[in-house]
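# Examining the three-dimensional arrangement
Here are the chains, one letter per residue:
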2 protein chains.
Amino acid sequence: MASPLKVAVAGLGTVGSGTIKLLQQNADRLTERLGRAILITAVCDKDHSPRDYPVDGYRWYDDAIRMVAETDADVIVELIGGAEGPARAVCERALAAGRHVVTANKALIAHHGMALAATAEANGVTLAYEAAVAGGIPIIKTLREGLIGNERRQVFGILNGTCNYILTGMRETGREFEAVLAEAQALGYAEADPSFDVDGIDTAHKLAILATVAFGCTLDFKAVHVEGIRHVSPVDIAYADELGYRIKLLGIAALTDRGVERRVHPCMVPAGAQIAHVEGVFNALVVDGDFVDTVVQVGRGAGERPTASAVVADIADIARGTRQPTFGVSVRHLRPLPAAPMASHRGAYYVRLMVVDRPGVFADIASILRDNDVSMEAVLQRGRAPGEAVPVVMTIHETEEAAMVKSLQQIQALSWVVEPPRMIRIELI
Amino acid sequence: MASPLKVAVAGLGTVGSGTIKLLQQNADRLTERLGRAILITAVCDKDHSPRDYPVDGYRWYDDAIRMVAETDADVIVELIGGAEGPARAVCERALAAGRHVVTANKALIAHHGMALAATAEANGVTLAYEAAVAGGIPIIKTLREGLIGNERRQVFGILNGTCNYILTGMRETGREFEAVLAEAQALGYAEADPSFDVDGIDTAHKLAILATVAFGCTLDFKAVHVEGIRHVSPVDIAYADELGYRIKLLGIAALTDRGVERRVHPCMVPAGAQIAHVEGVFNALVVDGDFVDTVVQVGRGAGERPTASAVVADIADIARGTRQPTFGVSVRHLRPLPAAPMASHRGAYYVRLMVVDRPGVFADIASILRDNDVSMEAVLQRGRAPGEAVPVVMTIHETEEAAMVKSLQQIQALSWVVEPPRMIRIELI
């Protein structure tokens, strides 16, 4: 049997603890599968409070940089988190020192993945990050290896369990965003400061990574168009149901003739689509390849145990001697494809206006849409309340985003429009 | 750049042609990803009719055995099909000669996978078969690599697109099995002799392979309990809808304290389950692991292009130098776990009787169930027709299969039961 693979774990929070528990509990099975043992030699965390798993056999460091400098581990597992600071420094130094790095850090990879991958390549070691995208779902392996034969045209999905939990809760109970967010916070599904999740930033980190792995384009987090779910209201969710849609926060990356689209925003998806049935904290990914057609993967996108499953899969690949370019091709082959501007995106739209109920409203709307070459599919106005504010809902045939935005600006300027219009993109997936 | 990987393709039918087209069309991208070219050097097929792709550059053989003997290819791609005959001989000889083998042949792997894997191991080469299970879905890679850290407790799914197409068609149109089968045959979704598909044998081949990869148990095709879909009737599909279920042909493998369950039969699954929404020719797999929890994968389970995607993924792994034990552990580590007998299976059941409508019927049924310790959950009898045959539908709480079967035998013997009872297992997944 080959010699053990030595591993040092930086960060004993949720994912770090899960990783150590997995390596302890399933050690025999892993050794049998890999033909060698995975041996934790060192751990690092400033917090020395007791853990619910044994740590006696590991050399304990307070300082991750010092651990990297002193350890003889083959692999540094970075589970500190954050795009900068110690997490970044640990990864940079470990790779430069010729040690493999496994991380669950989506912010770090989204912001510094290209530079880190170049360092890994230069030093002949692996930078692995399966756990950074969609937790337990092996989407990086699927894209990079399982679907390697395909030209990938599109990858999209539900990438943030917190947002999906909130949207599911809003739909099931009819409550407002704030109420369901508070519940999610109480249950530990949302952070005290929820903005990384609910404003779409976490999804954008993951989407930037996915786009690069799927299309072999350079990593460009700043190119992601990001909108969160704070503006989704129960009335829009109810209208979506009535129109045969579900509202999901999607990250969507597509290879178009205008360049690479990377966008994160609430979407209406057909109620019959696979992804519409992915509820609560689950994540889902849809990959569209020229030979395989569509592959869907659903699973837990976060949490101690599912994320540990992904971290250990990366460690196991290193133990087996498997070598993959960080993003599917070597860094120098990543293509600097242009980013498709959101203004030139073409798609269908749901629009909700709050208008004073009086004659002539539809005529004004219709002429603005006509003048912008925007074509209405359907319009709904339920109930009458002459002189009062009522919702008017429209669906719009495929049109250019810029024309849609301009139309809504002009509509908003009309005297009888009493609230900013709400617009949700319809994705006919 | 490393030297090209040389490949010889035996069998230029649907999958063979798809594989060659993929390797031709996406050659540049594959070379960039792999850092080396994949070069087809020889092909083999008795049928010399013109293909819709160029074959000029390949040495053409009529005899696959001769091709294996003469070629200098690194990889033999076996796409002839069938558990015996030339397909088996080609794989045996190629592996014995130290050549890697990639195959889409589920029957061959289900029947002879252990012996072939042992030959591969002895000769230090790869035997790869991603395309044998669920077409384009990378389920073997997912189980063997992506979820390597997990103790797998269960894997199940829709593994035959023909059956799923027929069941979907029956539900959507209310037609009988034979009518939808004839339509599927006309459309090319079912073979002229459909028994491999509709009698569950194809699903059983795939399930036997999945059980071994998931649990590390010895491969035992004969241990699979197999029932097909010929007995599923429109009335059962309608009752399933009413009770909140969908009928799917599932292959289910589970690690239980009674041994390994391997069963293929029609199931009622909750209408809200992910797998209930997998329609038509799509396949779906659900894996249950101790850390990752549940992962679902959906995609095209057959066809020229999706299957080619899986074949090429296996070739790419070989090109990259990735080495995996055929079934996740070396053959000598596969555990000879006992097969759990179907008679001791525990589950819930749907039962439909055709009975003469007269007093005392329910009392007779109830006492038979009581005497066999079988507990009824609900009973439905719609409409009255005194003295005539009417359907009576029951759902049964979790019970032992043997007690259920005995109860149905006793019920069938009653004078007022006019047809053999129909039983469909309910899976609360």
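Quick caveat: nothing in here was measured; it's all calculated off a predicted structure.

### Considerations on the sheet that holds strand β1 (residues 5-10) of chain A
Residue and element names in this part refer to chain A.
- Spatially, six strands are ordered β3-β2-β1-β4-β5-β6 in an open sheet, and the strand pairing comes out parallel. Every interior strand has two partners, whereas the edge strands, β3 (59-61) and β6 (127-128), have only one.
- This element, helix α1 (residues 14-25), spans β1 and β2 (38-44) of the sheet and lies at about 150 degrees to β2.

### A look at the domain arrangement of chain A
All names here are of chain A.
- On domain assignment, one finds that chain A holds domain 1 (5-132), domain 2 (139-300) and domain 3 (345-426).
- Listed per partner, the contact involves 10 residues of domain 1 and 12 residues of domain 2.
- Contact between domain 1 and domain 2 buries roughly 1,000 Å² in total, counting both sides, with carbon and sulfur atoms accounting for 68%.
- There are zero salt bridges connecting domain 1 and domain 2.
- At the junction of domain 1 and domain 2, the tally comes to four residue pairs in polar contact (both at pLDDT 80 or more).
- For the side of domain 1 that touches domain 2, the class distribution of residues is six nonpolar, two polar and two charged.

### Some remarks on the UniProt feature "domain: ACT" (unreviewed entry) in chain A
- Taking the UniProt record as the reference, the feature "domain: ACT" (unreviewed entry) is found at residues 350-425 of chain A.
- Counting secondary structure, residues 350-425 of chain A comes out at 30% helix and 37% strand; the distance between its end C-alpha atoms is 6 Å.

### Details of the side chain of A:D202
Residues and elements named next belong to chain A.
- Within the element layout of this structure, D202 appears in helix α10 (residues 201-215).
- Judged by relative accessible area, D202 falls into the buried class, the value being 7%.
- Among the polar contacts made by the side chain of D202, one reaches the side chain of N160 at a distance of 2.9 Å.
- Excluding anything up to four places from it in sequence, D202 contacts K106, L159, N160, F196 and D197.

### Section: helix α8 (residues 177-187) of chain B
Residue and element names in this part refer to chain B.
- Listing the buried residues of α8 in full gives F177, V180, L181 and A184. Viewed along the axis of α8, the buried residues span an arc of 105 degrees, placing them on a single side of the element. Facing away from the buried side of α8 by more than 90 degrees, the exposed set consists of E178 and A186.
- Along its buried surface, α8 packs onto α7 (161-173) and α9 (195-198).
- One or two residues past the end of α8 sits G188, with phi positive at roughly 85 degrees.

### Things to note about the relation of the copies chain B and chain A
- Expressed as a screw transformation, the operator carrying chain B onto chain A has a rotation angle of 180 degrees and an axial translation of 0.0 Å, and the superposed copies differ by an RMSD of 0.0 Å. As the rotation angle and translation indicate, the two copies are arranged about a two-fold axis. For chain B, the residue whose C-alpha comes nearest the rotation axis is B:Q297, separated from it by 2.2 Å.
- The residues that chain B uses at the interface reappear at the interface of chain A in 100% of cases, marking a shared surface.

### Describing the packing of α7(B) against α8(B)
Residue and element names in this part refer to chain B.
- It is at 9 Å that the axes of α7 and α8 come closest, and there the two elements cross at 125 degrees. One element, α7, and the other, α8, form an angle in the oblique class. In terms of crossing hand, the pair formed by α7 and α8 is right-handed. Across the interface between the two elements, Y165, I166, G169, M170 and T173 of α7 pack against F177, V180, L181, E183, A184 and L187 of α8.
- Among the residues forming the contact of α7 with α8, the class breakdown is eight nonpolar, two polar and one charged.

### As for the sheet that holds strand β6 (residues 127-128) of chain B
Residue and element names in this part refer to chain B.
- Spatial strand order, β3-β2-β1-β4-β5-β6: six strands in an open sheet with parallel pairing. The open sheet is flanked by β3 (59-61) and β6, the only strands paired with a single partner.
- Relative to strand β5 (residues 100-103), strand β4 (residues 75-78) runs parallel, the two sharing four bridges. Residue V77 lies in a different strand from β5, and its bridge partner there is V102.

### Digging into the pattern of salt bridges
- The tally for this structure, following the rule as stated, stands at 60 salt bridges over all chains.
- In this structure, A:R258 engages A:E261 in a salt bridge whose closest nitrogen and oxygen atoms are separated by 2.5 Å.
- Assessed through its relative accessible area of 6%, A:E261 is described here as buried.
- Its salt-bridge partner being B:K248, residue B:E279 comes within 3.0 Å of it at the nearest N-O pair. Here B:E279 is found in the loop between β10 (259-270) and β11 (282-289), whereas its partner B:K248 is found in strand β9 (residues 245-256), with 31 residues between them in sequence.
- If you follow the salt bridges from partner to partner, you end up with A:K141, A:E145, A:D317, B:K141, B:E145 and B:D317 in one network.

### Observations regarding the interface of chain B and chain A
- Counting residues at the interface gives 55 residues for chain B and 55 residues for chain A.
- With both chains or domains summed, chain B and chain A bury close to 4,800 Å², and 49% of this area falls on carbon and sulfur atoms.
- Per-residue buried area on chain B facing chain A is highest for B:R33, B:I148 and B:F291; these three make up 18% of the total on that side.
- Across the chain B-chain A interface, the total number found is six salt bridges.
- Here chain B and chain A share 25 residue pairs in polar contact (both at pLDDT 80 or more) between them.

### As for the state of the cysteines
Residues and elements named next belong to chain B.
- This structure, assessed with the given rule, holds zero disulfides over all chains.
- Cysteine C217 shares no disulfide, and the gap to the nearest cysteine sulfur, in C267, comes to 19 Å.
- On the basis of relative accessible area, C217 is assigned to the buried category, the value being 0%.

### Structural notes on unusual backbone geometry
Residues and elements named next belong to chain A.
- Notably, A134 is not glycine yet its phi reads approximately 65 degrees, a positive angle.
- Tracing the sequence through the fold places A134 in the loop between β6 and α6 (139-146).
- Of the residues examined, A134 reaches a relative accessible area of 0% and is grouped as buried.
- Even without being glycine, D293 reaches a positive phi, approximately 65 degrees.

### Let's talk about the packing of α7(B) against helix α11 (residues 234-243) of chain B
Residues and elements named next belong to chain B.
- Viewed as axis vectors pointing N to C, α7 and α11 meet at an angle of 75 degrees, and their least axial separation amounts to 9 Å. Classed by the angle they form, the pair α7 and α11 counts as roughly perpendicular. Counted together, L167, M170 and R171 of α7 and P234, I237 and D241 of α11 form the full contact between these two elements.

Thresholds applied
Residues numbered from 1 in each chain as written. Chains lettered and ligands numbered in written order. Predicted model: local features only at pLDDT ≥ 70, side-chain atom pairs only at ≥ 80, totals over all residues. Heavy atoms only, no water. Pairing = 2+ DSSP bridges. Helix = DSSP H or I, 4+ residues; strand = E, 2+ residues; numbered from the N terminus. Contact = heavy atoms within 4.5 Å. Axes fitted to C-alpha atoms, helices over the stretch in contact; angles between N-to-C directions. Domains from an automatic or database assignment. Buried area = accessible area lost by both parts, 1.4 Å probe. Salt bridge = Lys/Arg side-chain N within 4 Å of Asp/Glu carboxyl O. Polar contact = N/O pair within 3.5 Å; in protein donor to acceptor, adjacent residues only side chain to side chain. Nonpolar A, V, L, I, M, F, W, Y, C, P; charged D, E, K, R; others polar. UniProt positions renumbered as here; feature names shortened; annotations may be inferred. Buried < 20%, exposed > 50% of the residue type's maximum accessible area, 1.4 Å probe, protein only. Arc of directions from axis to C-beta. Least-squares fit on C-alpha atoms with pLDDT ≥ 70 in both. Parallel < 35°, antiparallel > 145°, perpendicular 65-115°, else oblique. Left-handed = near helix turned anticlockwise from the far one by under 90°. Disulfide = S-S within 2.5 Å.

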